[in-house]
Structures are given as structure tokens and as C-alpha cells.
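The lines below spell out each chain.
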Amino acid sequence: MTTEAPAGTPRAEPAPPATGRTIHLRQARELAREALIAAHLPPEQADPVADALVTTSLRGIDTHGLRLLPQYLTELSTGVARAAAEPTVVRDRGAGLLLDADGSLGVLAGLTAARLAAERAARYGVAAVGVRNSNHFGAASVYTRALARTGLVGIAVTSAASRVAPYGGVEPLFGTNPISVAAGGGDEEFALDMATSQVCFGEVKQRRAEGRGLDDGWATDSAGRPTTHPEEAYALSPLGGYKGQGLAMAVTLLGAVLTGTAPDWRLSQVGAGAAGASRGIGHLVLALDPEAFTGADSFATGLTDLLTTVRTATAATNRPVLAPGDPQRAHERHRETHGIPLDAGTAAALDELAARLGLTGTEEASA
């Protein structure tokens, strides 16, 4: 039986099932790093990519964590992502820049954009870095939280290959097109990272592999009818109907149109890119320095007030009201101790990599 946390406290994740596989933090980072280096990524680039994937899994965002490592290795081996990429600023207006990622892994492009945004925000108070010629972005909160740790407010969006039908439509036109906003740190962190669809397609694939049905409202079939059968899922549904469609279009406007990259419906799916060619994904990363607005101290006070007010709000059930990022911190604390639970496919892929590299792989989850 699960004991409910007191109001304002994120609930810890339950222990992984005893029949599953886990990998601990140190082994996960070492395995991801060495696998990326073996794929010819320089160590100084392999480290942040490995850290991004592992941290994402630690925070419970499994669809965008270690599960992506085999795919990123494939992209490097086929030249969809260039191990020797040299991202270059091709337009520079001071507080606004356009970065050509040179076909790098999207994680590296995003981290480069976040670094440039932080540098320029320190000078101008605000900065926006558009990215073109990139690949899969991973979890958007990787970049916004990196900015938040420096005292800035981080905002990030990315285009993605089409999976989501417009409200009332049949054909998928938009990607899951995430939006992330982050500020603060530790327990005083606001970390929103949301798709503009009801769910990401990775969850549909996971349910399909496990033989589990979909939740109502997640997907539609080839005739545009709602379905709960994962094998019938033809398109994802936008979050909140027409409002989610509007958000998806806004992300396409910012991540694709503004950066001069192809819209979602012209992008190849993950794993389907042409060998030797970047998937051409676009991102936009923004940084805002509170000192340029209300001031850093005033902003910190206001952020605390916002988080505290929400977390102490009267709950309708015995579960507390949470702020964005609270569940992820609870996952992180639990998984740092108990290991990262893995689905069967990811566990098998990591064990294969570990055997090839002579490293420690996964282990049986403890009860």
C-alpha cells in the first residue's frame, strides 16, 4: 500500500517491479559515454550527451532518456548525425542569433544554443537562438533547466516529424512539438516540459509492445476516429483539442518557420532519415535575465511565492497539488537510490552495448 505524501510534497515513485531490469546512475553514465565515444563522438561531446540522456531517465521521462541511446548511435553510424559536426553562427544580431548545427546530434545543438543564449542574455538581458540543420532534440527541459541553473529563465521549443492530426482532421501534420519553460533550482524549481499532443508517440509504441491499451483521447485511427487500440493508432490527438493544435502551430512557427527549416510534415521520422543527411530539424532557445526586469531577488521571491501557493493549495483528493517539475524531482530522488527501471527492449539494447564494450550492464530490479 502506498502512503500518500503530505500536502505540497511530491510523491515518490513506487519501487520498480521485481521482474524488471534496472541500471544504476554510474553504470548508465559510463555506458552511454563509452558507447558514444565508440561511435566517434569526441569525449568532450559524449559527456554532455550521456549526462542529458541519463538525467532525463532519472527524472522519469523514459521516452526521451536512455531509450534513445541506440537510436542516436544509429544516427551517428549512418551519418544522419555528424560526429565531427561544427555548429556555426550564420546570423548574428546581438540578442538574436541563428545557429547552423551542421547535422550534429540535436542534444549538442540544443546545449550549444543554450550556452550562446546564456552568454548573450548576460549582455542584453534577453537572447534568442534559432537552430537549423539539427536532429532529434531529446527532452526540451535539458536546455531550459541548464539556463535556469545560471539564474535565467529558459524557454525552448522544437519542431518534430508529424505525428499529430489537427483538431477534426485525419492526416498527421504536426510533431508533438514540445514547449519547455524553466526557472529556479532545487526544490524551488519550476520546470515545465510538455508536448502539444495528448501523449508522445513513444508511449504509444511502448503500449503496443506491452500489449496494453491506450487511454481515451490519445489517438485516432486512419479514418480520424478515436481509438484505444495501439495497433490502430494512425495519428496522435492534440492536447485540449483546437487549443493544442494552436500550440503545435505556434511551435512550428517558432521552431521551423522562424529558423528557415522544413515544417513538421516534411521531416523524416526518427530512424527514417536518409543516410549521410541531417533530418533538418529546427529549434528555438530563449533566455531571459530577471535582472533586466524585476531584478533577480524580486524574481526569486515571486517564484517562491508562486510555487508555495500552488503546492499548498487545497487538494481535491488525498494527493497533493504539484507544480511543474515536482514529479520529476521525486523520480530523480528515487532512481538515484534504486536505479533506473528499463523496459525489455531498452534493457536488451544496453546489455548488448555493455557486452561489446566490456562494461557493466543492467541488473535485476530489487523488490
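Data block above holds the structure.
Here's a quick rundown of the structure.

Thresholds, definitions, all that
- Residues numbered from 1 in each chain as written.
- Predicted model: local features only at pLDDT ≥ 70, side-chain atom pairs only at ≥ 80, totals over all residues.
- Heavy atoms only, no water.
- Helix = DSSP H or I, 4+ residues; strand = E, 2+ residues; numbered from the N terminus.
- Buried < 20%, exposed > 50% of the residue type's maximum accessible area, 1.4 Å probe, protein only.
- Polar contact = N/O pair within 3.5 Å; in protein donor to acceptor, adjacent residues only side chain to side chain.
- Core = buried A, V, L, I, M, F, W, Y, C linked by side-chain atoms within 4.5 Å.
- Domains from an automatic or database assignment.
- Salt bridge = Lys/Arg side-chain N within 4 Å of Asp/Glu carboxyl O.
- Pairing = 2+ DSSP bridges.
- Axes fitted to C-alpha atoms, helices over the stretch in contact; angles between N-to-C directions.
- Contact = heavy atoms within 4.5 Å.

What follows is about the side chain of R329. You can see R329 is positioned in helix α9 (residues 326-338). Taking relative accessible area as the criterion, R329 reaches 8% and is therefore assigned buried. A distance of 3.5 Å separates a polar side-chain atom of R329 from the backbone oxygen of G186. Within the structure, the side chain of R329 is placed 3.3 Å from the side chain of E189, a separation counted as a polar contact.

Core analysis: the biggest nonpolar cluster contains 54 residues, and L36 and L41 have the highest contact counts within it. Split by domain, this core shows at least three residues from each of two domains, domain 1 (19-78 + 339-366) and domain 2 (86-196 + 240-323). Counting residues in hydrophobic clusters, the runner-up holds 11 residues, among them F174, W218, A219 and L236.

Moving on, we come to the pattern of salt bridges. If the charged atoms of two oppositely charged side chains come close together, the side chains can form a pair. Taken as a whole, this structure holds 24 salt bridges when the rule is applied. For the salt bridge of D51 with R29, the shortest nitrogen-to-oxygen distance reads 2.9 Å. Residue D51 is located in helix α2 (residues 43-58), and its partner R29 is located in helix α1 (residues 25-38); the two are separated by 22 residues in the primary sequence. A residue is classified by how much of its surface remains accessible, and R29, at 31% relative accessible area, is partly exposed. In this structure, R207 engages E203 in a salt bridge whose closest nitrogen and oxygen atoms are separated by 3.1 Å. Placement of both R207 and E203 in helix α6 (residues 201-210) is noted, with a separation of four residues, approximately one turn of the helix.

Glycine aside, residues mostly have negative phi, and peptide bonds are mostly found in the trans state. Of note in the backbone geometry, D102 takes a positive phi value of approximately 60° without being a glycine. The class for D102 is partly exposed, based on a relative accessible area of 22%. Unlike most non-glycine residues, N177 shows phi in positive territory, near 40°. Assignment of secondary structure puts N177 in the loop between β5 (153-158) and β6 (179-185).

With that out of the way, let us pick up the sheet that holds strand β2 (residues 88-92). The seven strands lie next to each other as β2-β3-β4-β11-β5-β6-β7, forming an open sheet whose pairing is mixed. Each of the sheet's edge strands pairs with one partner strand only, and the pair in question is β2 and β7 (188-194). For this sheet the average axis-to-axis angle between neighbouring strands, irrespective of direction, equals 20°. Both β5 and strand β11 (residues 281-288) contribute to a ladder of six bridges, which runs antiparallel. Residue pairing in the sheet places V153 in a bridge with L288 of β11. Together, β5, β6, β7 and β11 form the strand contacts of helix α7 (residues 242-257), whose direction differs from that of β5 by roughly 95°.

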